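What follows is the residue order along each chain.
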Amino acid sequence: VPSFWQELKSLLKTLVCFVVALMLVPLLLLSFLCAHFGNEISNYVLSIKYPNLTISKSKKIRTLIDTPKNAGIFHFLLQVEGNCDFEKIKRSYAQNLTDLRDKTGMLRFPKLRQKLVTCWGNYAWVNDSSGFNINNHVLLSNHKYRGRPVTDSNIQDYVSELATKYIPSDLPQWQVIVIPNSDADQPYYVLIKLHHLIIAEEEDLHVSEILLLQDPHGRKKTLLSMSDDLAQPSSEQQQLSHFVRKPEHISRLINHVVHLVVCRWQKFIYEFESLEGPDGSSSSVPVRNLSQLVSLALIVVVNVILGYWRSRSILKKLKRRSGYYRNEMGRIQTFRLLLSREIEQRNLSWMGARNAIYHSLQPTNLAKAWTRFLWRLNLNHVLLLPYHFYCEFLAFADVLVKGQTAYTSTYCARLHLYVPLLLYAQLEVFKIFWELFKAPRNIYEVLFEQPTKELNILHKKSYAGRKIVSFSRSLNGAQLRERNREKFTNDLRESDFSLTCLAGAVHDYFDTFSRDIKVPNLLNTTCRTIDKGYFTDRSGDKSENIGGVVFLQLPLREPDANHVRELHEIVERIRGQQIILYLASIGQTKYSLLTSLVPHVFTKIFINFFSYNFPITITEIYGATDEFQSAWGQKVQDVLLFRPPQSKTCLSLNLHRFGDKYRLAVMADTHLAPDHTIITRSFERYMETVTI
């Protein structure tokens, strides 16, 4: 148990780090302004100098460290059941992607047709896509590899050889390679190569659309279902993805308030404006008094603001889709057009407004209005007061006995709903502020104090930039739990065991070079998670299914029970210490938050420094089920993702768990061949033999 003085010393260190961070805020703000205006000026100059190009404005980390020789090309491998119909697959890609158009007749995904070039150190898209030919991108490979039919025994070597080949630089940077099956009983494979900038800059394009995948049992979430899901304990509590518990009470309070505002607004519109009759015919409501005039004016203002915001969003999207698109209507003209349309739709005019004001200010109408107001006031607060007390009593009794009540309009029901939410939301706010207070110290310790300084063989190698891959067999999770019956608990999770087996596999890889350099006790790695929705969702935020990054010191040795417990303690320590780092990395993934604060030159220096100290990246891809369906109608047995290591990171380990199936997919630099296959073979052996 730490003593009082140790606790005080720790608190003072936290306070000093927090004060230093506050002192750096003005410098960070100045850095943000310099980076922002510097990027804007650079993009403007390049767009003027090269009018035939659309300059990339992506601020993703991969964009900053990307080079033509070490490009961020994501690889996806689909294992498809049934006969291979290449023409049907190519037709699906043409109909759903390259030839798909929106309501205005413009290509929905134009960057799939555009070449990607470098321009003064920046990426740019060539506007002219007239030379695009889908036959250059959807390719049929040979069903034989080195004279032998493609089977499970040689598919890894075949896919690895295809992964080493660059996409020709004079073509758009994506490719679909279909590997047919020689035997109808065997599955065939589809290898998809995709440059990260296509997903980053094509706003409406999801990874699932490139893969042409969908979940046959997918469920769309609504506002209320999302708030209900927050109340349910997650089914993935044993996954590595849950490093941070979401602030469920704040989210639920926001959802309730938004739902209440939307309902009240719809009620307000229904009461003061009814443009459609019960039979579907349109009609305008005559303005008779001042209250109705003010209500309609408010509705008009809100509709004009929403319409203007939607029109500007659509305009920006169209400009991004086509560099040649020009809007002939200015901002003021757009605003005037929307205003005149709303006024004309409701038959409003200056004459009608004057008549409504004149009608409301007549003495008889004023007397009627005041009489009506006083009658309602007396009715609700005097005559119906006993009934209101009776309803409040029934609501109070329901809350005490049942914990809920059907009298939702009573004050008791509202207090029962919102008081606990407000209290718990305030507690979560205090926890957030406490984490922010500890954040500077935690960030300093995680990035500078805790990483091990031990050298390993990856620090000694030079790298070419080309990538090779390897992947394990499909491993049965049910057999794993049967072998370790009743040993997986909250203190020892199944995900801890799989991560331990991965650490043992990495240890075996380093052990092959033990004569040259000692196997380190700890290895610095970065970890992140990806949900199955990344491969199947076609709506909503593209980054919603991508988790944050955490820094993990991976203990390297052969797996055993103590090894699993040690890894469990490390993961639990990460959950308490790296919350802000996790959330900041999510902000970077969604909004390019971190790279917007610092000029790109300094960002590249930081990335190169940290990637040298963290040479391995681990990604956990998980889903409750292993069911996938292709757009051309065939069942997909399995999906593998190979995330490319870049900068000084040279090894990417992608641990897949869909349903009860485990698979490891490795992507490495070609200079690590052929020893990179040791990792997948050792992972298979440990997962199938180790018992805790």
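What you see as residue numbers is a count from 1 along each chain, following the sequence as written. Reporting in this predicted model follows two pLDDT cut-offs: at least 70 for local features of residues, and 80 or more for side-chain atom pairs to be given and counted; totals over whole chains, interfaces and linings ignore these cut-offs and use all residues. To get the side-chain values, take all heavy atoms of the structure and skip hydrogens and water.

Novice: Summarise the overall build of the protein; cite the residues concerned and give the values.
Specialist: In terms of helices and strands, the protein carries 22 helices and 19 strands. Viewed in the frame of its principal axes, the protein has a C-alpha envelope of about 100 × 70 × 55 Å. Only protein chains enter the accessibility calculation, which uses a 1.4 Å probe; a residue is then buried when its area is under 20% of its type maximum, exposed when over 50%, and partly exposed in between. Here the protein holds 692 residues, and the buried ones make up 45% of them. Whether two residues are in contact is decided by their heavy atoms: any pair within 4.5 Å suffices. Counted over contacts in the protein with a minimum sequence separation of 6, partners at least 24 positions apart contribute 76%. Positive charges come from Lys and Arg, negative ones from Asp and Glu, while His and the chain ends are left out of the count. Lysine's charge is taken at NZ, arginine's at CZ, aspartate's at CG and glutamate's at CD. Computed over 83 positive and 65 negative side-chain charges, the separation of the two mean positions in the protein equals 7 Å. Helix numbers and strand numbers start at the N terminus; a helix is a DSSP run of H or I with at least 4 residues, a strand a run of E with at least 2.

Novice: Summarise the environment of Leu 377; cite the residues concerned and give the values.
Specialist: Tracing the chain through its elements places Leu 377 in helix α12 (residues 363-383). Of the residues examined, Leu 377 reaches a relative accessible area of 38% and is grouped as partly exposed. Sequence separation of Leu 377 and Arg 252 is 125 residues, and the distance between their C-alpha atoms is 34 Å.

Novice: Could you give an account of the pattern of salt bridges, with specific residues and numbers?
Specialist: Any two side chains of opposite charge can pair, so long as their charged atoms come close to each other. Salt bridges are identified by distance alone: a Lys or Arg side-chain nitrogen within 4 Å of an Asp or Glu carboxyl oxygen. A complete count under the given rule lists 25 salt bridges for this structure. Among the salt bridges present, the one from Glu 87 reaches Lys 90, with a minimum N-O distance of 3.8 Å. Placement of the pair is Glu 87 and Lys 90 together in helix α3 (residues 86-98), with a separation of 3 residues, close to one helical turn. Owing to a relative accessible area of 43%, Glu 87 belongs among the partly exposed residues under this scheme. Arg 346 serves as the salt-bridge partner of Glu 342, at 2.4 Å between the closest nitrogen and oxygen. Connected via shared salt-bridge partners are Lys 13, Arg 441, Glu 445 and Glu 449.

Novice: Any details on a nonpolar patch on the surface? Residues and values, ideally.
Specialist: Together, Phe 4, Trp 5, Leu 8, Leu 11, Leu 12, Leu 15, Val 19, Met 23 and Trp 434 make up an exposed nonpolar region whose accessible area comes to about 970 Å². The biggest single contributor to the nonpolar patch is helix α1 (residues 4-49), with 8 residues. Examined against the element boundaries, Leu 11 turns out to sit in helix α1. Each patch is built from residues lacking any salt bridge and having more than 30% relative accessible area; the joining distance is 9 Å for like charges and 5 Å for nonpolar side chains (Val, Leu, Ile, Met, Phe, Trp, Tyr). Each accessible area is a Shrake-Rupley estimate made with a 1.4 Å probe; only the visible protein chains count as cover when residues are assessed.

Novice: So what's going on with the sheet that holds strand β10 (residues 213-214)? Which residues, and what values?
Specialist: What the 7 strands build is an open sheet, ordered β5-β8-β9-β2-β17-β16-β10; its pairing is mixed. Looking along the sheet, the strands with just one partner apiece sit at the ends: β5 (138-140) and β10. Strands pair, by our definition, only if DSSP identifies at least two bridges between them.

Novice: Let's hear about helix α8 (residues 248-272): which residues, and what values?
Specialist: The terminal C-alpha atoms of α8 lie 36 Å apart, and with 25 residues this matches the ideal 36 Å at 1.5 Å per residue to within 8%. Along α8, the residues classified as buried are His 249, Ile 250, Arg 252, Leu 253, Asn 255 and Ile 269. Multiplying 1.5 Å by the residue count of a helix minus one yields the expected span of that helix.

Novice: For the sheet that holds strand β1 (residues 53-55), give the residues involved together with the corresponding values.
Specialist: Taken in spatial order, the 3 strands line up as β1-β4-β3 in an open sheet, and their pairing is antiparallel. Sheet topology places β1 and β3 (116-119) at the edges, where each strand pairs with a single neighbour. Shown here is a sheet whose adjacent strand axes are inclined to one another by a mean of 40°, direction ignored. In this structure, β1 lies alongside strand β4 (residues 122-126), joined through 3 bridges in antiparallel fashion. Paired with Ile 55 across the strands is Ala 124, a residue of β4. Only C-alpha atoms enter the line fits that serve as axes; for helices the fit covers just the stretch in contact. Angles between N-to-C directions range over 0 to 180 degrees.

Novice: Before we move on, can you summarise unusual backbone geometry with the specific residues and values?
Specialist: Note: most residues except glycine have negative phi, and most peptide bonds are trans. That bond from Ala 673 to Pro 674 is cis: its omega, -5°, falls within 30 degrees of zero. Tracing the chain through its elements places Pro 674 in the loop between β19 (661-669) and α22 (677-689). Notably, Asn 347 is not glycine yet its phi reads approximately 60°, a positive angle. Relative to the elements of secondary structure, Asn 347 occurs in the loop between α10 (331-345) and α11 (350-360). A positive phi angle, near 55°, is found at Ser 592, a position not held by glycine. Tracing the chain through its elements places Ser 592 in the loop between α20 (579-591) and α21 (600-613).

Novice: So what's going on with the environment of Gln 404? Residues and values would help.
Specialist: Within the secondary structure layout, Gln 404 lies in the loop between α13 (385-401) and α14 (411-449). With relative accessibility at 56%, the residue Gln 404 sits in the exposed group. On a C-alpha basis, the gap between Gln 404 and Ile 580 in space is 36 Å, while along the polypeptide they are 176 residues apart. If we skip the residues at most four places from it in the chain, Gln 404 touches Asp 398, Val 399 and His 416.

Novice: Help me get a handle on the nonpolar core, residues and values and all.
Specialist: Of all hydrophobic cores here, the largest spans 49 residues; its most connected members are Phe 497, Phe 510, Leu 554, Ile 616, Leu 651, Leu 653 and Phe 683. When residues in this core are grouped by element, the largest group, 9 residues, is from helix α17 (residues 494-511). If we ignore the near neighbours within four places in the chain, the residues touching Ile 616 are Leu 458, Val 506, Phe 510, Leu 523, Asn 524, Thr 525, Thr 526, Thr 649, Leu 651 and Leu 653. Within the second largest apolar cluster, 44 residues are counted, among which are Ile 198, Leu 205, Phe 535 and Ile 546. Here, the term nonpolar core denotes a set of buried Ala, Val, Leu, Ile, Met, Phe, Trp, Tyr and Cys residues that are joined through side-chain atoms within 4.5 Å.

Novice: Provide a residue-level description of the pairing of β3, including the pertinent values.
Specialist: Pairing of β3 with β4, which is carried by 4 bridges, proceeds in the antiparallel orientation. Bridging from a neighbouring strand, Thr 118 pairs with Tyr 123 of β4. The antiparallel pairing of β3 with β4 creates a hairpin that spans 2 residues between the two strands, and Trp 120 there sits at a positive phi of about 55°.

Novice: Describe in detail the side chain of His 249, supporting the description with residues and values.
Specialist: By secondary structure assignment, the location of His 249 is in helix α8. Setting aside residues no more than four positions away along its own chain, His 249 makes contact with Leu 421, Tyr 424, Ala 425 and Glu 428.

Novice: Would you mind going over α20 in detail, with residue names and values included?
Specialist: For α20, built from 13 residues, the straight-helix expectation of 18 Å at 1.5 Å per residue is met to within 8% by its first-to-last C-alpha distance of 18 Å. Here α20 has its buried residues at Ile 579, Ile 580, Leu 581, Tyr 582, Ser 585, Ile 586, Gly 587, Gln 588 and Thr 589. Phi for Ser 592, located one or two positions after α20, is positive at around 55°.

Novice: Summarise the environment of Leu 213; cite the residues concerned and give the values.
Specialist: Following the sequence through the fold, Leu 213 ends up in strand β10. Put simply, Leu 213 and Thr 649 are 436 residues apart on the chain and 30 Å apart in space, counted from C-alpha to C-alpha. Setting aside its immediate chain neighbours within four residues, Leu 213 contacts Leu 78, Ser 208, Phe 535, Thr 536, Arg 538, Phe 628, Gln 629, Ser 630, Val 636 and Val 639.

Novice: Let's hear about the confidence of the model for the protein: which residues, and what values?
Specialist: Overall, the prediction assigns the protein a mean pLDDT of 87, with 93% of residues at 70 or greater. pLDDT measures the predictor's confidence residue by residue and takes values from 0 up to 100. Confidence over residues 220-238 falls short of pLDDT 50; this stretch has 25 contacts with residues more than four positions distant or in other chains.

Novice: So, the state of the cysteines: which residues are in play, and what are the values?
Specialist: We call a pair of cysteine sulfur atoms a disulfide when they lie within 2.5 Å. Under the definition given, this model contains 0 disulfides. Summary of cysteine pairing: Cys 412 is not part of a disulfide, and the nearest cysteine sulfur, belonging to Cys 391, is at 11 Å. A relative accessible area of 16% places Cys 412 in the buried class.

Novice: Explain the packing of aromatic side chains residue by residue, including any values.
Specialist: When the centres of two rings from Phe, Tyr and Trp lie within 6.5 Å, Trp using its six-membered ring, the rings pair. Their planes under 30 degrees apart give stacked, over 60 give edge-to-face, and anything left gives tilted. Applying the stated criterion across every chain, the model contains 20 aromatic pairs. Ring geometry for Tyr 93 and Trp 174: centres 6.4 Å apart, planes at 25°, overall stacked. Of the two residues, Tyr 93 is situated in helix α3 and Trp 174 in strand β8 (residues 174-179); the sequence distance between them amounts to 81 residues. Seen in terms of ring centroids, Trp 265 and Phe 268 are 5.6 Å apart; in terms of plane orientation they differ by 25°. Their pairing is stacked. Here Phe 268 and Trp 265 lie together in helix α8, a separation of 3 residues that amounts to about one turn. With relative accessibility at 24%, the residue Trp 265 sits in the partly exposed group. Through successive ring pairs, a cluster of aromatic residues spans Phe 76, Tyr 534, Phe 535, Phe 628 and Phe 658.

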